[in-house]
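Here's the letter readout for the chains.
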Amino acid sequence: MPSDDFVAKYGPWALVAGGSDGLGAAWTEAFAKRGLNVAIVGRRKELVEAKAKEIENRHGVSTLSIVLDLSESSAPNELVERVTGIDLGLVVYNAALSPGGKFEKVEGSTIRSAISTNVATPTLLIHQLIPKLLSRKNAGVILVSSLAGYAGSSSLSTYGATKAYLRMLGEALWEENRGSGLDILVTSPGAVTTPGLESRSDKKIPGQLGPTEIVEMSLAHLGKGPTFVPGGLNQFAAMLLGRILPRKAATSLMRKSSSGISS
Ligand SMILES: NC(=O)c1ccc[n+]([C@@H]2O[C@H](COP(=O)([O-])OP(=O)(O)OC[C@H]3O[C@@H](n4cnc5c(N)ncnc54)[C@H](OP(=O)(O)O)[C@@H]3O)[C@@H](O)[C@H]2O)c1
């Protein structure tokens, strides 16, 4: 979609929850490049502010820096309050916590944080934002899921389960809002070259893509259907994991493909 049309449909402001680093920084960049102002959320103040300054200077857009921990139970309300003054047309929920390791070895508090960050906060945030987005008749919500949500992911059990939840939520919201002008999209990347992944894996994973590729492919799909998997190899993997393989084979494939990723 040409930038002017993109701004007319989704502008003037986008919110990227987890928009300061990794894949989130690529969403932020993609929106600013098209001329949208961006509200950026992250925990590390210096990263949020640096990303905001960078896109202001490079693209001449306005920014709102929001330093907030999305794992806190107060986060949805606090975030809604922080964005009340801006006309939001596009919301991306990108932040996630991915605890690795055998399920019973992971601290309960870490599991709770993952469920809050990956499930409770996006659900309650979108729940509060949807009425205003719907009233615009032109808006979008993008939930960032993962291929890890297509089959039980041993060593990433809680993470994979939260990502499966997001896909089901997004599909349902897409159906509920079909024809309303509110585009809902769940994008489920395979491996993405981000600082987060690079710190946990030293090998290149089949189908691995860069953050900008993921974002651009996903944006090209916005408004065209409820779910998207970026990259041909990953689409094939999603079909195998989700539809073709017996569940025993799917969980085994998932274990093999995530071996080598540490917590
Ligand atoms: N990397 C991959 O291979 C891969 C594969 C499939 C799907 N994904 C999905 O893509 C998304 C981004 O992944 P990533 O690897 O780029 O993640 P990341 O580097 O860990 O974090 C991305 C952004 O989210 C922010 N963030 C994380 N936790 C937060 C919290 N509790 N509160 C506020 N901000 C928070 C980070 O800033 P702060 O740390 O400063 O808060 C950063 O700006 C996730 O939803 C992930 O599940 C990633």
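As a starting point, this report considers the structure included with it. Note that the structure is predicted; figures quoted are calculated from it, not measured.

Criteria and cut-off values
Residues numbered from 1 in each chain as written. Predicted model: local features only at pLDDT ≥ 70, side-chain atom pairs only at ≥ 80, totals over all residues. Helix = DSSP H or I, 4+ residues; strand = E, 2+ residues; numbered from the N terminus. Rg over C-alpha atoms; globule rule 2.2 N^0.38 Å. Buried ≥ 20, exposed ≤ 12 C-beta atoms within 10 Å, placed from the backbone. Contact = placed C-beta atoms within 7 Å. Core = buried A, V, L, I, M, F, W, Y, C linked by C-beta atoms within 7 Å. Axes fitted to C-alpha atoms, helices over the stretch in contact; angles between N-to-C directions. Parallel < 35°, antiparallel > 145°, perpendicular 65-115°, else oblique. Left-handed = near helix turned anticlockwise from the far one by under 90°. Nonpolar A, V, L, I, M, F, W, Y, C, P; charged D, E, K, R; others polar. Expected span 1.5 Å × (residues − 1). Arc of directions from axis to C-beta. Near = placed C-beta within 6 Å. Pairing = 2+ DSSP bridges. Right-handed = clockwise from strand over helix to strand, strands pointing away.

### What to know about the overall build of the protein
So, step 1. Along the protein, the regular secondary structure elements total ten helices and seven strands.
So, step 2. Relative to the compact-globule value of 18 Å for 263 residues, the protein shows a C-alpha radius of gyration of 18 Å, a close match.
So, step 3. Evaluated residue by residue, the protein yields a buried proportion of 44% over its 263 residues.
So, step 4. In the protein, once contacts between residues fewer than 6 apart in sequence are set aside, the share between residues at least 24 apart is 67%.

### Concerning the environment of I142
So, step 1. Secondary-structure assignment places I142 in strand β5 (residues 139–144).
So, step 2. Each C-alpha atom, one on I142 and one on S74, is 22 Å from the other, the two residues being 68 residues apart in sequence.
So, step 3. Setting aside its immediate chain neighbours within four residues, I142 contacts V92, L185, T187, S218 and L222.

### Description of the nonpolar core
So, step 1. Membership of the largest hydrophobic core comes to 66 residues, with the highest contact counts inside it found for A14, L15, V16, L36, V38 and V92.
So, step 2. Ranked by residues supplied to this core, first place goes to helix α2 (residues 22–34) with seven residues.
So, step 3. Setting aside chain neighbours within four positions, we find V16 in contact with G24, W27, T28, V38, I40, V41, V92 and N94.

### Points about the packing of helix α4 (residues 75–82) against helix α5 (residues 108–136)
So, step 1. As a packed pair, α4 and α5 sit with axes 8 Å apart at the nearest point and diverge in direction by 40 degrees. As the angle between them shows, α4 and α5 are arranged oblique. Relative to α5, the crossing made by α4 is right-handed. On α5, the residues that touch A75, P76, L79 and V80 of α4 are T121, L124, L125, Q128 and L129.
So, step 2. Here the contact of α4 with α5 is built from residues that sort into seven nonpolar, two polar and no charged.

### Focus on helix α3 (residues 45–59)
So, step 1. For α3, spanning 15 residues, the distance from its first C-alpha to its last is 21 Å, which sits close to the expected 21 Å at 1.5 Å a residue.
So, step 2. Looking only at α3, the buried set comprises V48, K51, A52 and I55. For α3, the arc enclosing every buried residue in end-on projection is 100 degrees, short of the 170-degree limit, so these residues lie on one face. Pointing more than 90 degrees away from the buried face of α3 are the exposed residues K45, E46, K53, N57 and R58.
So, step 3. Structurally, α3 contributes buried residues whose contacts are with α2, β2 (37–42) and β3 (63–67).

### Observations regarding the site of the ligand
So, step 1. Around the ligand lies a shell of 31 residues, among which G18, G22, R43, A96 and G196 are the nearest.
So, step 2. Those elements that place two or more of their residues in the shell around the ligand are α2, β2 and α7 (195–198).
So, step 3. When grouped by side-chain class, the residues that make up the shell around the ligand number 14 nonpolar, 13 polar and four charged.

### Looking at the pairing of β3
So, step 1. Here five bridges tie β2 to β3, and the two strands are oriented parallel to one another. Each residue of the ladder has a partner; that of I40, found in β3, is S65.
So, step 2. Between the parallel pair β2 and β3, the chain is carried across by α3, and the sense of this crossover is right-handed.

### Some remarks on the pairing of strand β6 (residues 182–187)
So, step 1. In terms of residue burial, β6 counts as a mostly covered element, since six of its six residues are buried.
So, step 2. Of the two faces of β6, the one carrying L182, I184 and V186 and the one carrying D183, L185 and T187 are both buried.
So, step 3. After leaving β5, the chain enters helix α6 (residues 157–176) and then returns to the sheet as β6, a path that is right-handed.
So, step 4. Inspection of the sheet shows β6 paired to strand β7 (residues 227–228) by two bridges, in the parallel sense. Its bridge partner being in β7, V186 is matched across the sheet by T227.

### With respect to the sheet that holds β6
So, step 1. Pairing in this open sheet of seven strands is parallel, and the strands run β3-β2-β1-β4-β5-β6-β7 from one edge to the other. At either margin of the open sheet sits one strand with a lone partner, and together these are β3 and β7.
So, step 2. Direction of pairing for strand β4 (residues 88–93) relative to β5: parallel, over a ladder of four bridges. Each residue of the ladder has a partner; that of V92, found in β5, is I142.

### Description of the environment of V83
So, step 1. Relative to the elements of secondary structure, V83 occurs in the loop between α4 and β4.
So, step 2. As for V83 and P226, which are separated by 143 residues in sequence, their C-alpha atoms are 25 Å apart.
So, step 3. Those residues in contact with V83 that lie beyond four places of it in its chain are L15, A39 and L88.

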